[in-house]
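Listed below are the residues making up each chain.
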Amino acid sequence: MPLRLTRARTVALGAAVLVCALVAWVWRDPMAPLRAVMALQGAWVGLSEKRIVIGDHRWAYDEREAASDDAPTVVMVHGFTGSKENWYPLAARLRGRYRLVIPDLPGWGESQRVAGADYGFSAQAGRLSAFLAQVRRDGSPIVLLGHSMGGGIVAITSARHPELVARVGLIDAAGVRFADNRFGIEVLAGQNPFAVHDAASLQRYLDTVFHDRGVQPSIPWPASRAVIDWRIAQAPFEQQVLDRIGRSDERFLPGEAAAAIRQPALLLWCRQDRVIDPSAMALYAAKMPQAMQVSLDGCGHMSIMEKPDEVAAAVALLIQRGVPR
């Protein structure tokens, strides 16, 4: 009996120490548990975390090798308020077939943010081209995918550096004067429609970017509180970027640059996109007559998370059958 009691006390003491350690971990960094979960998701997809310094920024990116050494490299670029983790559902469907490279853009996610730096379309396109030059293999051009803001950056990069980009995928891409919607009107009025400051605005943000609540990320308390506090802290930076990509003289630069894209291309939108209105696809298509156009139903702005099977099929078709104009 005394031995059993001692073991019980040891287990209880160990559990108490573990709980205290977890509490201290969360107290020091409330986002740590959420990042740990996302890291586990990346590990499940088979992605490895990488770091590289290019110019004045440190990039964080995930990478997974292909089953074949001569497989194409697919680089995926996230959107406004996004991060590399947004691409994990699509990466899970493309793994093995292609080498995958998924960065956090400078200023976002785990990549470095430099005070006073320009994070608009043109400046980020310059940084992205330097990143592509570093990560491509044997001088081979890359399949470059961009979502939302990332789509605008990808359009400029592909137009300016055809030697780096073999194929282009613009998914719910920003950078053209689409039909007025609530999101666009609020941006033009100087607001941030993605702003989060409490539980209600967090849910509004999720409802804006996702059409189907069933596939929205689950963020239970206390993780939700950590996300809200983190987004509040990010608000000044988000506003700075939105001023550049949504209201400055470069807000339509991606659409203008698209006329110079000659590579095989994919344009993909969801019909229920409440952020970048689906009318944007026709505007891009007018500049890129060689592009395949894919319109999906039953999804919103986050097609890469809501319809990853369909997006993966479209990307595979772009790689296999794309024909330059």
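Asks: Help me understand the state of the cysteines in this model?
Replies: Enumeration according to the criterion identifies 1 disulfide in this entry. Paired by a disulfide, Cys-270 and Cys-299 hold their sulfur atoms 1.9 Å apart. Linking Cys-270 and Cys-299, the disulfide has an S-S dihedral of approximately -90 degrees and is accordingly described as left-handed. In this pair, Cys-270 sits in strand 7 (residues 265-270) while Cys-299 sits in the loop between strand 8 (292-296) and helix 11 (303-306), placing the two residues 29 residues apart along the sequence. Looking at Cys-299, the relative accessible area reads 0%, which means it is buried.

Asks: Please explain empty space enclosed by the protein as it appears in this structure.
Replies: The gaps left among the atoms become clear once a water-sized probe is rolled over them. On inspection of all chains with the given rule, the structure shows 1 cavity of 30 Å³ or more. The calculated volume of the largest cavity comes to roughly 320 Å³. In this structure, the largest cavity is lined by 23 residues; those nearest its centre are Phe-178, Phe-183, Val-187, Ile-245 and Gly-246. Contributions of two or more residues to the lining of the largest cavity are made by helix 6 (182-188) and helix 8 (223-247). Examining the composition of the lining of the largest cavity, we find that 5 residues originate from one element, helix 6, more than from any other. Residues of the lining of the largest cavity, tallied by class, amount to 16 nonpolar, 4 polar and 3 charged.

Asks: In this structure, what is going on with the pairing of strand 7? I would like to understand it.
Replies: The side chains of a regular strand alternate between the sheet's two faces. Where burial is concerned, most of strand 7 is hidden: 6 out of the 6 residues are buried. The two faces of strand 7 match: Ala-265, Leu-267 and Trp-269 on one face and Leu-266, Leu-268 and Cys-270 on the other face are all buried. As defined by bridge partners, strand 6 (residues 165-171) adjoins strand 7 across 4 bridges and the pair is classed as parallel. Of the residues in strand 7, the one forming a bridge with Val-168 is Ala-265.

Asks: Quick question: what am I supposed to make of the side chain of Gln-290 here?
Replies: Along the chain, Gln-290 falls in the loop between helix 10 (279-287) and strand 8. A polar side-chain atom of Gln-290 sits 2.8 Å from the main-chain carbonyl oxygen of Gln-263.

Asks: Got a minute to help me understand the sheet that holds strand 5 (residues 142-147) in this structure?
Replies: Adjacent strands of a sheet form backbone hydrogen bonds with each other and so pair up, either parallel or antiparallel. With mixed pairing, 8 strands are arranged side by side in an open sheet as 1-2-4-3-5-6-7-8. Two strands lie at the open edges of the sheet, namely strand 1 (48-54) and strand 8, each paired on one side alone. Each strand axis lies, on average, 20 degrees off the axis of its neighbour in the sheet, ignoring direction. Bridge count between strand 7 and strand 8: 5 bridges; the pairing is parallel. Bridge pairing links Leu-267 to Gln-293 in strand 8. Sheet strands touched by helix 10: strand 6, strand 7 and strand 8. Its angle to strand 7, the strand with the most contacts, is close to 165 degrees.

Asks: Got a minute to help me understand the nonpolar core in this structure?
Replies: Within soluble globular proteins, side chains that are nonpolar generally end up buried alongside one another. The biggest cluster of nonpolar side chains holds 93 residues, and the ones touching the most others in it are Phe-131 and Tyr-284. It is helix 12 (residues 308-321) that provides the largest number of residues to this core, a total of 7 residues.

Asks: Is there a simple way to explain the pattern of salt bridges in this structure?
Replies: Note that side chains of opposite charge can pair when their charged atoms are close. Under the counting rule described, the total for this entry stands at 16 salt bridges. When the shortest N-O distance is used, the salt bridge between Asp-180 and Arg-177 registers 2.8 Å. A relative accessible area of 45% means that Arg-177 is categorised as partly exposed. Residue Arg-231 pairs with Glu-238 through a salt bridge whose shortest N-O separation is 2.8 Å. Residue Glu-238 is classed as buried on the basis of its relative accessible area, which comes to 2%.

Asks: Quick question: what am I supposed to make of the packing of helix 7 (residues 199-209) against helix 8 here?
Replies: Packed helices, taken two at a time, are described by the angle their axes make and the gap between the axes. Packing of helix 7 against helix 8 leaves a shortest axis separation of 10 Å and a crossing angle of 85 degrees. On the basis of the axis angle, helix 7 is roughly perpendicular to helix 8. Across the interface between the two elements, Ala-199, Leu-202 and Tyr-205 of helix 7 pack against Ser-224, Val-227, Ile-228 and Arg-231 of helix 8.

Asks: Would you take a moment to explain the pairing of strand 3 (residues 73-77) for this structure?
Replies: Strand 3 sits mainly inside the fold: 5 of its 5 residues count as buried. Neither face of strand 3 is open: one carries Thr-73, Val-75 and Val-77, the other Val-74 and Met-76, and all of them are buried. Bridging between strand 3 and strand 4 (residues 99-104) involves 3 bridges; their strand directions are parallel. Across the sheet, Val-74 pairs through a bridge with Leu-100, a residue of strand 4. At this point the chain moves from strand 3, through helix 3 (residues 88-94), to the parallel strand 4, and the crossover so formed is right-handed. Pairing geometry for strand 3 and strand 5, over 4 bridges, is parallel. By the bridge assignment, Val-77 is partnered in strand 5 with Gly-146.

What counts, and at which threshold
Residues numbered from 1 in each chain as written. Predicted model: local features only at pLDDT ≥ 70, side-chain atom pairs only at ≥ 80, totals over all residues. Heavy atoms only, no water. Disulfide = S-S within 2.5 Å. Helix = DSSP H or I, 4+ residues; strand = E, 2+ residues; numbered from the N terminus. Buried < 20%, exposed > 50% of the residue type's maximum accessible area, 1.4 Å probe, protein only. 1 Å grid on protein atoms, 1.4 Å probe; cavity = no way out; pocket = protein on both sides within 12 Å on 5 of 7 lines; lining within 4 Å. Points joined across faces, edges and corners; volume = space filled by probe spheres on them. Nonpolar A, V, L, I, M, F, W, Y, C, P; charged D, E, K, R; others polar. Pairing = 2+ DSSP bridges. Polar contact = N/O pair within 3.5 Å; in protein donor to acceptor, adjacent residues only side chain to side chain. Axes fitted to C-alpha atoms, helices over the stretch in contact; angles between N-to-C directions. Contact = heavy atoms within 4.5 Å. Core = buried A, V, L, I, M, F, W, Y, C linked by side-chain atoms within 4.5 Å. Salt bridge = Lys/Arg side-chain N within 4 Å of Asp/Glu carboxyl O. Parallel < 35°, antiparallel > 145°, perpendicular 65-115°, else oblique. Right-handed = clockwise from strand over helix to strand, strands pointing away.

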